[in-house]
Structure formats: structure tokens, C-alpha cells
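So the chains spell out like this:
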Amino acid sequence: IDATLLPLETALENRPEIQRLHTRYQLGGNSNPREVERAGVLVRPAIHTRFEHTKLQAELTKAVAAHLNLPVEKAKIMVAAAWLHDCAHCAFSHTGDNVLMEMGRPDHEGRAIELVRGPLHETLETNGVGEEVEEIMAEHGAAGTLQSIFDTFSYLILDLESVNIEFIDDGGVS
């Protein structure tokens, strides 16, 4: 599955909508929390970015798709949804989302779907990903439920690692 999905993943990973996630921290903000911590203003041990979270979510999705022997077409759609689900996160994470929602804008998933219908459409279409990606990103249906689970697993694994708790393969922590 990895080799088959490589063109899609490369195309998505190189999009500016995904690259900007390098500057968005999972727990909010745009600045490097390490710098803020050194200044004595804020202590935040979980310092992973939305990009790291998104990439891990895509890896989890691929692993399960391979384990379930999903058709490549279905795996493509699920992996695309994993890469795109957070692409419209704004500064200050869900706090920023709440402000925008109070102004009548959709949440970050809704804004991401707007990007899928707009600037990302050609990239997805070129790589054989259709409108079904929107349903998964909106966490509808069985594939959407899996998306939600992988989303949670991804940030939990990264949160655990950031505080030096290792996530181990037998489903536990050490």
C-alpha cells in the first residue's frame, strides 16, 4: 500500500495547506512552546505540531488499511482524509476555532472541506480521490468513525511521547 499511495501523499504533503501545519502546535499557538518555556512564561510539555499529528494519523490509517486488505481506492480516500482533516486549523487551535464559529464560520473540519472543494480539488482528482473524502473528514459513516479513532490515537501517542511515556505495541504504556 505504501508505494501505491506515495504519489498522493507526496502531493498532499507538499501542498501549502499541509506545510503550514509545521507552524501550528497541537495544543495551540504559532510560536515554538520551547521558546516560551525558556522565557518562563509557559510550561507546556506536549510540543508536537499539527503536521506531526497529521503524518502519524496517515501512518496509522495506512497500517490499518493494509491490515484490513482494503482496496487501494478506499485506502487512498482514507489516507487523504487523514492528511487533510486538520489542514484548516487556525492559530490557537480549538480556541481560535470557537472564535471563528462565533463569527459564523465552520469549524476546522468544515473549513478543511471548503479547501477540498476549492484549491485542493485538482490535487485530489489527479490522484484518484473523489468527494467521498469529505464524508470521512466530517467523521460520517464507518470510515469517518475510524478517522476519529486514528485522530485520537495520533495525538495521544504524541502526547505520551512528549512527556517520555512510551506507547508500546501491546496496547499499553510503559
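Structure's up top.
Every value quoted in this text rests on a predicted model; they were computed, and no experiment measured them.

A. Looking closely at the overall build of the protein chain. A tally of regular secondary structure across the protein chain gives 10 helices and zero strands. If you list the helices and strands of the protein chain from N to C, you get α-α-α-α-α-α-α-α-α-α. Expressed as a percentage of the 174 residues in the protein chain, the buried residues total 42%. Considering only intrachain contacts with a sequence separation of at least 6, the fraction spanning at least 24 residues in the protein chain is 68%. For the protein chain, the exposed surface amounts to about 9,100 Å²; the carbon and sulfur share of it is 56%.

B. Structural context of the packing of helix H4 (residues 50-67) against helix H5 (residues 72-84). Two numbers describe how H4 lies on H5: the axes approach to 8 Å, and their chain directions differ by 165 degrees. The orientation of H4 relative to H5 falls into the category roughly antiparallel. Every pair of crossing elements has a handedness; the one defined by H4 and H5 is right-handed. Residues Phe51, Thr54, Lys55, Gln57, Ala58, Thr61, Lys62 and Ala65 of H4 pack against Ala75, Met78, Val79, Ala82 and Trp83 of H5. Taken together, the residues of the contact of H4 with H5 break down into eight nonpolar, three polar and two charged.

C. Structural context of the nonpolar core. Grouped together as the largest cluster of nonpolar side chains are 30 residues, with contacts concentrated most on Leu84, Leu124, Val133 and Met137. Broken down by secondary-structure element, the contributors of at least two residues to this core are helix H1 (2-13), H4, H5, helix H7 (108-117), helix H9 (132-137) and helix H10 (141-162). The element contributing the most residues to this core is H5, with nine residues.

D. Looking closely at the packing of H1 against H5. Contact pair H1 / H5: the axes reach a minimum separation of 10 Å and the direction vectors enclose 20 degrees. With respect to H5, the element H1 is oriented roughly parallel. Between H1 and H5 the crossing geometry is right-handed. Side by side, H1 and H5 meet where Thr4, Leu5, Leu8, Glu9, Leu12 and Glu13 of the first sit next to Val72, Ala75, Lys76, Val79, Ala80, Trp83 and Leu84 of the second. Taken together, the residues of the contact of H1 with H5 break down into nine nonpolar, one polar and three charged.

E. Quick peek at unusual backbone geometry. Located in the positive-phi region is Asn69, a residue other than glycine, with phi close to 55 degrees. Its place among the elements puts Asn69 in the loop between H4 and H5. The phi dihedral of Glu139 falls on the positive side, at around 60 degrees, and the residue is not glycine. With respect to the helices and strands, the residue Glu139 is situated in the loop between H9 and H10. Residue classification places Glu139 among the partly exposed residues on the basis of a relative accessible area of 31%.

Calculation rules
- Residues numbered from 1 in each chain as written.
- Predicted model: local features only at pLDDT ≥ 70, side-chain atom pairs only at ≥ 80, totals over all residues.
- Heavy atoms only, no water.
- Helix = DSSP H or I, 4+ residues; strand = E, 2+ residues; numbered from the N terminus.
- Buried < 20%, exposed > 50% of the residue type's maximum accessible area, 1.4 Å probe, protein only.
- Contact = heavy atoms within 4.5 Å.
- Areas by Shrake-Rupley, 256 points an atom, 1.4 Å probe, with all protein chains shown as cover.
- Axes fitted to C-alpha atoms, helices over the stretch in contact; angles between N-to-C directions.
- Parallel < 35°, antiparallel > 145°, perpendicular 65-115°, else oblique.
- Left-handed = near helix turned anticlockwise from the far one by under 90°.
- Nonpolar A, V, L, I, M, F, W, Y, C, P; charged D, E, K, R; others polar.
- Core = buried A, V, L, I, M, F, W, Y, C linked by side-chain atoms within 4.5 Å.

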